[in-house]
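Next come the chains, spelled out residue by residue.
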Amino acid sequence: QDIIEGRRHLVLGLVAQIIKIQLLADLNLKKTPQLVELVDTSEDVEELMSLPPEKILLRWMNFQLKKASYKKIVTNFSSDIKDGEAYAHLLNVLAPEHSNPSTLTVKDHLERAKLVLEHADRMGCKRYLMAKDIVEGSPNLNLAFVAHIFQHRNGLSTQTKQISFLDTLPDDSQVSREERAFRFWLNSLGNSTYIDNMFEDVRNGWVLLEALDKASPGIVNWKIASKPPIKMPFKKVENCNQVVKIGKQLKFSLVNIAGNDIVQGNKKLILAYLWQLMRYNMLQLLKNLRFHSHGKEIGDADIREWANALVRKSGGQTCMPSFKDKSLSNGRFFLELLSAVQPRAVNWSLVTKGENEEEKKMNASYIISIARKLGCSIFLLPEDVTEVNQKMILTLTASIMYWSLNQPAEDKTANSSDSENGSQSEATSNSSTDDATSESSLE
């Protein structure tokens, strides 16, 4: 609606984000394995992989500037590059054949910025900014300029002998999907810190403490917590120690986890902790809605039984034996569930049989689209449905359940009436007990 109404600042912000994503797309070891040249050991490689693209770009820029014996360290795309010296040295290293000696000798910063842009033009880099943008230190435009220089000529070795480090690292496609889901969830809580790179941003413990306080109000002892920016490392450890302590209070499975593991950015342990925190928050929300003050706990089996009962009552032909059952990959159960909670939500002419991968993915995308339109909080991808990712399947079902239980009673009655009038012949299905808990174990 904001785009339709032409809200200038919002449209410009959206376009800027799209351009930024495109410009920074190659700043990872998958797309540009030569970035491994920036590090010395496999441990450093893992650290590099955890950095957001902007920080990788800064590390690359300083790596090249070191070759030119440039003494300063560039820490941002604003004040540190205003005088144009860093740009002059960077371009001289990357494209010495186009260098102009006057660039470094000229005293006027604006004049130097103009010479820098002329150098960039000669090496074939399109301009994303003007000379005054360099002098004024426009962070977004300078970031775009450096990213474009990287894309055009990164100056990294084409030799692959060092890239052997990458062979020892696990495939991170699943890690990336889970990181994305948990990052979206954390940002949806409305915490004071916006999460851009999850593994980096949770290391001081503050974000996790805020999330814990949202999930269980009053459980955090804020008197002993340190708010960012945190300069002293032991303060980060103190925050993360409290995160682990609270997790144990909430009966999370935290075998061999210590606060320092979070500070060091241990991906496996951070993901395991976040899954249990997200699941706890989800179950608490459902408990408060469904059981109010009766104090009855709600578990994974309750969510599955609710979904199966609703689909069965509406005349659906499918069931969910467990959250990891492969029959869920075609998406039809969730489409019947969405139709049961809101009969007019599903256009069945758009639903496929789900007999091959393409059809399954179409159904999965449609499920996510419908759920979001209804107002469900959705953090998964179509691949999580087609591959039956047990954790994400549970969150999808719980999100639909939470939305349904949150509807006014009169709406539920109307929906039930619509469903009965338009239902197919009722099918029966036996709901088997979930044979595996979805709670993550770190043993």
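Each remark here, short or long, concerns the structure printed above.
Residues numbered from 1 in each chain as written. Predicted model: local features only at pLDDT ≥ 70, side-chain atom pairs only at ≥ 80, totals over all residues. Heavy atoms only, no water.

1. With respect to the packing of aromatic side chains
Each aromatic ring pair is specified by the distance between its two centres and by the angle formed by the two planes. Where we set the bar: Ring pairs shown here join Phe, Tyr and Trp side chains whose ring centres sit within 6.5 Å, with only the six-membered ring taken for Trp; geometry is labelled stacked below 30 degrees between planes, edge-to-face above 60, and tilted in between. To qualify as a helix, a DSSP run of H or I must reach at least 4 residues; to qualify as a strand, a run of E must reach at least 2; elements of each kind are numbered from the N terminus. We call a residue buried when its accessible area falls under 20% of the maximum for its residue type, exposed when it is over 50%, and partly exposed in between, using a 1.4 Å probe and counting protein chains only.
Applying the stated criterion across every chain yields a total of 6 aromatic pairs. Relative to Phe-150, the ring of Trp-60 has its centre 5.2 Å away and its plane inclined at 85°; by these criteria the two rings are edge-to-face. With Trp-60 in helix H3 (residues 53-67) and Phe-150 in helix H8 (residues 139-152), this residue pair connects regions lying 90 residues apart in the sequence. On the basis of relative accessible area, Trp-60 is assigned to the buried category, the value being 0%.

2. Describing a nonpolar patch on the surface
Going by this rule: Residues forming no salt bridge and having over 30% relative accessible area are the ones grouped into patches, like charges within 9 Å of each other and nonpolar side chains (Val, Leu, Ile, Met, Phe, Trp, Tyr) within 5 Å. Accessible surface area values rest on a Shrake-Rupley calculation with a 1.4 Å probe, where residue burial reflects the displayed protein chains alone. Think of a salt bridge as a Lys or Arg side-chain nitrogen and an Asp or Glu carboxyl oxygen that are within 4 Å of each other.
A cluster of nonpolar residues, Ile-3, Leu-14 and Ile-18, forms a patch on the protein surface that exposes about 300 Å² of accessible area. The residue Ile-18 is located in helix H1 (residues 8-23) in this model.

3. Structural notes on the nonpolar core
Where we set the bar: Working definition of a nonpolar core: buried Ala, Val, Leu, Ile, Met, Phe, Trp, Tyr and Cys residues. They are joined through side-chain atoms within 4.5 Å. The contact rule is simple, with two residues in contact once any of their heavy atoms fall within 4.5 Å.
Counting 79 residues, the largest nonpolar core has Leu-186, Met-198, Leu-212 and Phe-334 as the members making the most contacts within it. A total of 12 residues in this core trace back to one element, the largest contributor, which is helix H14 (residues 267-290). Ignoring sequence-local partners within four residues, the contact set of Leu-186 consists of Asn-191, Ile-195, Met-198, Val-202, Val-207, Ala-211 and Leu-274.

4. Focus: helix H12 (residues 233-249)
Note the following rule: By this rule the span expected of a helix is its residue count minus one, scaled by 1.5 Å.
Between the first and last C-alpha of H12 there are 25 Å, a value that for 17 residues agrees with the 24 Å anticipated at 1.5 Å per step. Along H12, the residues that are buried comprise Asn-239, Cys-240, Gln-242, Val-243, Val-244, Ile-246 and Gly-247.

5. Examining the environment of Val-36
Tracing the backbone shows Val-36 in the loop between H1 and helix H2 (42-50). C-alpha separation for the pair Val-36 and Leu-48, spaced 12 residues apart in sequence, amounts to 8.4 Å.

6. A short note on unusual backbone geometry
Pro-228 connects to Pro-229 through a cis peptide bond whose omega is 0°. Along the polypeptide, Pro-229 turns up in the loop between helix H11 (206-215) and H12. Even without glycine at this site, Ser-69 takes up a positive phi of about 60°. Note that Ser-69 resides in the loop between H3 and helix H4 (85-94).

7. Considering the packing of H1 against H8
The following threshold applies: Axes here refer to lines fitted to C-alpha atoms; in helices the fit is confined to the stretch in contact. Angles between the N-to-C directions go from 0 to 180 degrees. Comment on the angle field: the value is read as roughly parallel under 35 degrees, roughly antiparallel over 145, roughly perpendicular from 65 to 115, and oblique elsewhere. The handedness criterion is simple: a crossing whose near helix is rotated anticlockwise from the far helix by less than a right angle is left-handed, and one whose near helix is rotated clockwise is right-handed. Ten residues, namely Ala, Val, Leu, Ile, Met, Phe, Trp, Tyr, Cys and Pro, are considered nonpolar, four, namely Asp, Glu, Lys and Arg, are considered charged, and the remaining ones, Gly among them, are considered polar.
As a packed pair, H1 and H8 sit with axes 9 Å apart at the nearest point and diverge in direction by 30°. Judged by the inter-axis angle, H1 sits roughly parallel to H8. Here H1 runs over H8; the crossing is left-handed. Listed contacts from H8 to Lys-20, Gln-22 and Leu-23 of H1 are Leu-143, Ala-144, Ala-147 and Gln-151. Grouping the amino acids of the contact of H1 with H8 by side-chain chemistry returns 4 nonpolar, 2 polar and 1 charged.

8. A closer look at the pattern of salt bridges
Throughout the structure, instances matching the rule amount to 13 salt bridges. Ionic pairing is found between Arg-153 and Glu-97, a salt bridge with its closest N-O pair at 2.9 Å. Linking Arg-153 in the loop between H8 and helix H9 (173-188) with Glu-97 in the loop between H4 and helix H5 (102-105), this pair joins segments that are 56 residues apart in sequence. Using a relative accessible area of 27% as the deciding quantity, one classes Arg-153 as partly exposed.

9. Observations concerning the packing of helix H15 (residues 300-313) against helix H19 (residues 390-405)
One can describe the packing of H15 onto H19 by two numbers: an axis separation of 10 Å at closest approach and a directional angle of 65°. By the angle class used here, H15 and H19 are roughly perpendicular. Considering how the two elements wind past one another, H15 and H19 form a crossing that is left-handed. For the pair formed by H15 and H19, the contact residues are Asp-300, Ile-303, Trp-306 and Ala-307 on the first element and Leu-394, Thr-397, Ala-398, Ile-400, Met-401, Ser-404 and Leu-405 on the second. Class assignment for the residues of the contact of H15 with H19 results in 8 nonpolar, 2 polar and 1 charged.

None of the figures reported here should be taken as evidence of function without further support.
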